[in-house]
Each structure stands twice: as structure tokens, then as C-alpha cells.
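So the chains spell out like this:
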Amino acid sequence: MGTTKSERDISNDSLSLTAPARESERHQGFRAVGVAVSKLAAPIVAKRGGGTLVRLKAEWATIIGADWAAVTWPSALGRDGVLKLRATSTAALELQHRAPLLIERINLFFGRSVVTRLVLMQGPLPLDSPPREPVVSTLAADQVEVLGEWLSGIADPELRAALGRLGHAVIGGRS
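Treat the numbers as computed from the prediction; the structure is a model and nothing was measured.

A. View of the side chain of Thr 52. Its place among the elements puts Thr 52 in helix H3 (residues 52–58). When residues no more than four places from it in sequence are discounted, the contact partners of Thr 52 are Leu 77, Phe 110, Arg 112 and Val 114.

B. Up close: helix H6 (residues 92–110). Roughly 65° is the biggest bend found in H6, and it falls at Arg 98, with proline Pro 100 one to four residues downstream. The elements touched by buried residues of H6 are H3, helix H4 (60–64), helix H5 (66–69), strand S1 (72–77), strand S2 (82–87) and strand S3 (117–122). Phi for Gly 111, located one or two positions after H6, is positive at around 80°.

C. Representation of the sheet that holds S2 within the structure. Strand order in the open sheet formed by three strands is S1-S2-S3, and the pairing between neighbours is mixed. Lying at the two open borders of the sheet, with one neighbouring strand each, are S1 and S3. The mean angle between the axes of side-by-side strands here comes to 30°, regardless of whether they run parallel or antiparallel. The pairing of S1 with S2 spans five bridges and is antiparallel. Each residue of the ladder has a partner; that of Pro 74, found in S2, is Leu 85. Sitting on the sheet, H6 touches S1, S2 and S3, and the angle it makes with S3 is about 140°.

D. Quick peek at the side chain of Asn 107. Inspection of the secondary structure assignment puts Asn 107 in helix H6. Separated by 2.8 Å, the side chain of Asn 107 and the backbone nitrogen of Val 114 make a polar contact. For Asn 107, the contacting residues outside a window of four places in its chain are Arg 112, Ser 113, Val 114 and Val 115.

E. Just the nonpolar core, in detail. Of all hydrophobic cores here, the largest spans 23 residues; its most connected members are Leu 56, Trp 60, Leu 83, Ile 106, Val 115 and Leu 118. Taken together, the elements giving at least two residues each to this core come down to H3, H4, H5, S1, S2 and H6. With residues up to four places along the chain from it excluded, the contact list for Leu 118 reads Leu 83, Leu 85, Ala 99, Leu 102 and Ile 103.

Calculation notes
- Residues numbered from 1 in each chain as written.
- Predicted model: local features only at pLDDT ≥ 70, side-chain atom pairs only at ≥ 80, totals over all residues.
- Heavy atoms only, no water.
- Helix = DSSP H or I, 4+ residues; strand = E, 2+ residues; numbered from the N terminus.
- Contact = heavy atoms within 4.5 Å.
- Bend = angle between axes of the 7 residues up to and from the residue.
- Pairing = 2+ DSSP bridges.
- Axes fitted to C-alpha atoms, helices over the stretch in contact; angles between N-to-C directions.
- Polar contact = N/O pair within 3.5 Å; in protein donor to acceptor, adjacent residues only side chain to side chain.
- Core = buried A, V, L, I, M, F, W, Y, C linked by side-chain atoms within 4.5 Å.
- Buried < 20%, exposed > 50% of the residue type's maximum accessible area, 1.4 Å probe, protein only.

So yeah, pure geometry; function would need other evidence.
Here you go:
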């Protein structure tokens, strides 16, 4: 049949429906699963804030200060920059007035405009918030003794401890 080998290769390639694979598209051997997972997860993570909320929660005390971190916790961050902030009822009013300062601190930390507005939700902080620092008792010895006598009649140790903390807070606020 008088065709040369190169003519046969050319004619076979022209009949093939798939284009030949390029060098960069060929993958020999095993590939790390992390690359495939990151390609799949990247659009999802970007849609949900790009991990900004996770970083915000991890660095919350550093960003806004220990005093505000003890009474607040970021719960959600919307794509439009709205940060839902859970706050104790005692701090909510002051947070309303200081919202521009908190937004500025958060945006300075990230180096870009991440938060545009705060939405405050009053209520107890979730369990995943950072532990609060213990309050140093400044009660006089006689006040502690009287409080101990009042609490001695309570059998449940958890209730006794909770009432003890409440008593320390109430008596400490008077002096």
C-alpha cells in the first residue's frame, strides 16, 4: 500500500475524536488528594467568607481587646460584611455606641474592609468562646466569712459555687 509511516500517523490523528494530551495535562502516578480537595473546596470557602470568620474567632481577644472579648463573641459574618456579634446584655448598649471603633479595629487587623456593620444579639455567650479570666476577689475577710455561712446550708455543690460567684459579684459591687 504505498503509504509511509508518517502519513499513516497523520491520517489516524485526523480521524481521532479526542485531541492528543499535552505534556502539562498528563499526570503520571499518584497525586496528593489535598490538591483535588482544595480545588473543590475553594469556591465553597470563598462563598462563605474565605475563612475570615474562623480567623476572626481565633484572634478575637487580640483584635478587640480582652475587656470586650470577655463580653462578646462573633457568631456569623455575611458576604455583605455584616458581622453578627453575640453580646451580654450588660455590654450591648455600650457596644452600640462603640460599633464604629470595633469595626475599625477588625478592618485594621485584616488590612481590608471585612466588616461594614455590626448586628448585636443579646444573650449568653456560647460555650466555644474563649474562657474568661477569673475575677480577683477584693472582698474583706468578714464579708467572705458571712457569705460562706449563708452558703453552708446548700447541699448541691454546683449551685453553691454558682451562688458563691454571684455573692462575690454582688458584695464586691457594693464596696
